[in-house]
Amino acid sequence: MKLDDALAESADADTPANKPRWPLMQRLMLRVLRLLDRYPWLLPLGSFVAGAGSYFMVRRGEGLARMIAVVALLGWPWLLVQGWLHRWLLRRFNSRWTPYALQMITQSLQQEVLFFSLPFVIGATQPDWGQWLFTSLAVLAALISTLDPIYEKRIAQRPTLGLLFHAYVSFVCALVVIPIALKVQLENALPLALAITGVWLLLGLPRVWADLVTPRARLIGLAALAVAPVLLWLLRSHVPPAGLSVTEARIAQQIQGLDPGPAVNQFSVTALRASGAVAFVAIRAPMGLEQSVVFQWVQNGKKLDRIPAEIHGGGKTGWRTWSRKRNFPEDPRGDWRVDLETPDGQLIERLEFRVS
C-alpha cells in the first residue's frame, strides 16, 4: 500500500469531514514519510555518504567520526524493541497509516545502519574468501533494504525472516560502531556484537513462535536462530576488522627505527640467512583505540612463529610497527606469507614473498 492511499483511507475512517487534524509531530512525520516515499533513494544515498565521510575521517584520525558513529548507534533501540513499540503505537495511534509508517521507519533505519557501515566493512576486506563472502552479504542486505517489492513481500511480511534480517543488520552495525564509538578492541567488540545479536533474537522468539504454526517449521526456525550466532562465532576469523585500515605494508630486508628498506618480494637463501626478513605495516585506527595485533609467519601453508604487537589509534599516517624474523627452518625455500591478524584471527593485512 502506498503512503498516499494509506493516508486517504485513514482520513475516511478517522474524520467524517475527510479533513484529519494531525498533531504537530504527526504532521512532521508525514512530511518526512512523503519525502522518503517520493524519493526512496534519498535515505540510502545520504547514509552511504555519511558513512563514507566518517570512514575517511577515521582514516585521518578525526574525532568527528566517533560522533557520527554514536548517531548511528541511536538507531539500535528502535531495532531492538520495534516489535513491542509497534504494538504500543498501534494502541496509541489507531490509524491505518501507522503500520505503514512503522514499517517505513524500520526499513529506513536499516538502510541508514547498513549504508553507514558498508564503507568500513569494504575498506577492511582482505583477500580472504570468508571476508569476501561477509562483505558480499552486507552489500546484498543493503540492496535488499532499498528494493521495496522484495523487502515488503519477503522480509517485512514474514516475522521470522524479518527477525533474522534485523539481527544481521544489528550485528554489522555493532562490528563497526563499537570500536569507533566505545574504543573497544576488535577481539572484544566481536563477541559483544554477537551478544547483542543473541539478545535481539531472544526478544524476537515470541514473534517467531507465533509466525511458525507447524511443529516442523518451529523446529527449523528455532534451529536457525540458535545456529546463526554460533556459526558467526566459529567463522569470526573471516569477519573484516572494520575500523582498521592499512596505509602501508611491505616485506623488507632492513629497517632503521620505523623506516623500512625497499620492498622485497623474493629472497635468496643466502640473503635470508644473512639479514632475515622484516614485515612492516602502518595501520590507521580510531583515536583512543589500543589494539593488539599478531604477526603470523607461514611457510608453504604451515604456520610457524606468532609474534604479538600493539597499535594505537590516531595519526595521519597510522601506527607503524614491524616484525623481524631471523630464525628460519633448515630449508627455508618456498612460498612465505605474513598475516597481520587480531588475537581472534581476523585478517588485517597479508604480505607475501618467496625464497629460492
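Residues numbered from 1 in each chain as written. Predicted model: local features only at pLDDT ≥ 70, side-chain atom pairs only at ≥ 80, totals over all residues. Heavy atoms only, no water.

Of the regular secondary structure elements, the protein chain holds 13 helices and 10 strands. Buried residues in the protein chain amount to 47% of all 356 residues. For the protein chain, the proportion of contacts with a sequence separation of at least 24, taken over those separated by at least 6, is 71%. About 17,900 Å² of surface is accessible on the protein chain, with carbon and sulfur atoms providing 62% of the total. (Helix = DSSP H or I, 4+ residues; strand = E, 2+ residues; numbered from the N terminus. Buried < 20%, exposed > 50% of the residue type's maximum accessible area, 1.4 Å probe, protein only. Contact = heavy atoms within 4.5 Å. Areas by Shrake-Rupley, 256 points an atom, 1.4 Å probe, with all protein chains shown as cover.)

The sheet built from 5 strands is open, its strands ordered S4-S10-S9-S6-S7 with mixed pairing. A strand with exactly one partner marks an edge of an open sheet, and here the two such strands are strand S4 (266–267) and strand S7 (302–312). Here strand S6 (residues 290–299) pairs with S7 via 9 bridges, running antiparallel. From the neighbouring strand, Gln-291 faces S7, where its bridge partner is Ile-311. (Pairing = 2+ DSSP bridges.)

Here the focus is the environment of Leu-182. Structurally, the position occupied by Leu-182 is in helix H9 (residues 159–182). For Leu-182, a relative accessible area of 49% gives the class partly exposed. Expressed as a C-alpha distance, the spacing of Leu-182 and Pro-286, which sit 104 residues apart in the sequence, is 10.0 Å.

Time to look at the sheet that holds strand S1 (residues 245–252). If you walk across this open sheet you meet the 3 strands as S1-S5-S8, and the pairing is antiparallel. With partners counted over all chains shown, the strands left at the sheet margins are S1 and strand S8 (319–325), one partner each. On average, adjacent strands in this sheet sit at an angle of 15° to one another, irrespective of strand direction. (Axes fitted to C-alpha atoms, helices over the stretch in contact; angles between N-to-C directions.)

Turning next to the nonpolar core. Ranked by size, the top nonpolar core spans 34 residues in total, and within it Phe-134, Phe-165, Phe-171, Leu-175 and Val-176 carry the most contacts. Counting residues per element, the ones that place at least two in this core are helix H6 (97–124), helix H7 (129–146), helix H8 (148–156), H9 and helix H10 (186–203). Looking at this core element by element, the count peaks at 13 residues for H9. The contact partners of Phe-134, leaving out residues within four places of it in the chain, are Val-121, Tyr-168, Phe-171, Val-172, Leu-175, His-238, Val-239 and Pro-240. Listed in part, the 25 residues of the second largest apolar core include Ile-283, Ile-311, Leu-351 and Phe-353. (Core = buried A, V, L, I, M, F, W, Y, C linked by side-chain atoms within 4.5 Å.)

When pLDDT is averaged along the protein chain, the result is 75; 68% of the residues meet or exceed 70. Within the protein chain, helix H1 (residues 3–14) has the poorest average pLDDT of any element, 46, and strand S9 (residues 334–341) the best, 93. (pLDDT = per-residue confidence, 0-100.)

A few words on the packing of H7 against H9. Across the interface, H7 lies against H9 with an axial gap of 11 Å and an inter-helix angle of 120°. Classified by the angle their axes make, H7 and H9 are oblique. Crossing of H7 against H9: the hand is left-handed. For the pair H7 and H9, contact is made by Phe-134, Leu-137, Ala-138, Ala-141, Ile-144 and Ser-145 and by Phe-165, Tyr-168, Phe-171, Val-172 and Leu-175, respectively. (Parallel < 35°, antiparallel > 145°, perpendicular 65-115°, else oblique. Left-handed = near helix turned anticlockwise from the far one by under 90°.)

Our focus in this paragraph is unusual backbone geometry. One non-glycine residue with positive phi stands out, namely Asn-300, at about 50°. With respect to the element layout, Asn-300 can be found in the loop between S6 and S7.

A few words now on the packing of aromatic side chains. If you walk through the whole model with that rule in mind, you get 6 aromatic pairs. Where Phe-134 meets Phe-171, the ring centres are 6.3 Å apart and the plane angle is 70°; that geometry is what we call edge-to-face. A residue pair is termed long-range when its members are at least 10 positions apart, and Phe-134 in helix H7 and Phe-171 in helix H9 qualify at 37 residues. Its relative accessible area of 7% is what places Phe-134 among the buried residues. Here the aromatic residues Phe-267, Trp-297, Phe-328, Trp-336 and Phe-353 are joined through ring pairs into a cluster of three or more. Positioned above the aromatic ring of Phe-328, the side-chain terminus of Lys-325 is 5.2 Å from the ring centre. (Phe/Tyr/Trp six-rings, centres within 6.5 Å; stacked < 30°, edge-to-face > 60°. Lys NZ or Arg CZ within 6 Å of the ring centre and 35° of its normal.)

In total, this model carries 9 salt bridges according to the counting rule given. Residue Asp-331 pairs with Arg-333 through a salt bridge whose shortest N-O separation is 2.9 Å. Taking relative accessible area as the criterion, Arg-333 reaches 49% and is therefore assigned partly exposed. When the shortest N-O distance is used, the salt bridge between Arg-354 and Asp-335 registers 2.5 Å. Note that Arg-354 is positioned in strand S10 (residues 347–355) and Asp-335 in strand S9, a separation of 19 residues in sequence. A relative accessible area of 38% means that Arg-354 is categorised as partly exposed. Each of the salt bridges in this network shares a partner with another, and the network as a whole consists of Glu-248, Arg-250, Asp-259 and Arg-320. (Salt bridge = Lys/Arg side-chain N within 4 Å of Asp/Glu carboxyl O.)

Let us now look at the packing of H10 against helix H12 (residues 215–234). Viewed as axis vectors pointing N to C, H10 and H12 meet at an angle of 175°, and their least axial separation amounts to 10 Å. By the criterion of interaxial angle, the relationship of H10 to H12 is roughly antiparallel. Across the interface between the two elements, Pro-191, Leu-194 and Leu-201 of H10 pack against Leu-225, Pro-229, Leu-232 and Trp-233 of H12. Taken together, the residues of the contact of H10 with H12 sort by class into 7 nonpolar, no polar and no charged. (Nonpolar A, V, L, I, M, F, W, Y, C, P; charged D, E, K, R; others polar.)

Moving on, we come to the side chain of Gln-291. If you trace the backbone, Gln-291 turns up in strand S6. At a separation of 2.7 Å, a polar atom in the side chain of Gln-291 contacts the side chain of Glu-187. Gln-291 has contacts with Gln-185, Leu-186, Glu-187, Leu-244, Ala-309, Glu-310, Ile-311, Thr-342 and Pro-343, leaving out every residue within four places of it along the chain. (Polar contact = N/O pair within 3.5 Å; in protein donor to acceptor, adjacent residues only side chain to side chain.)

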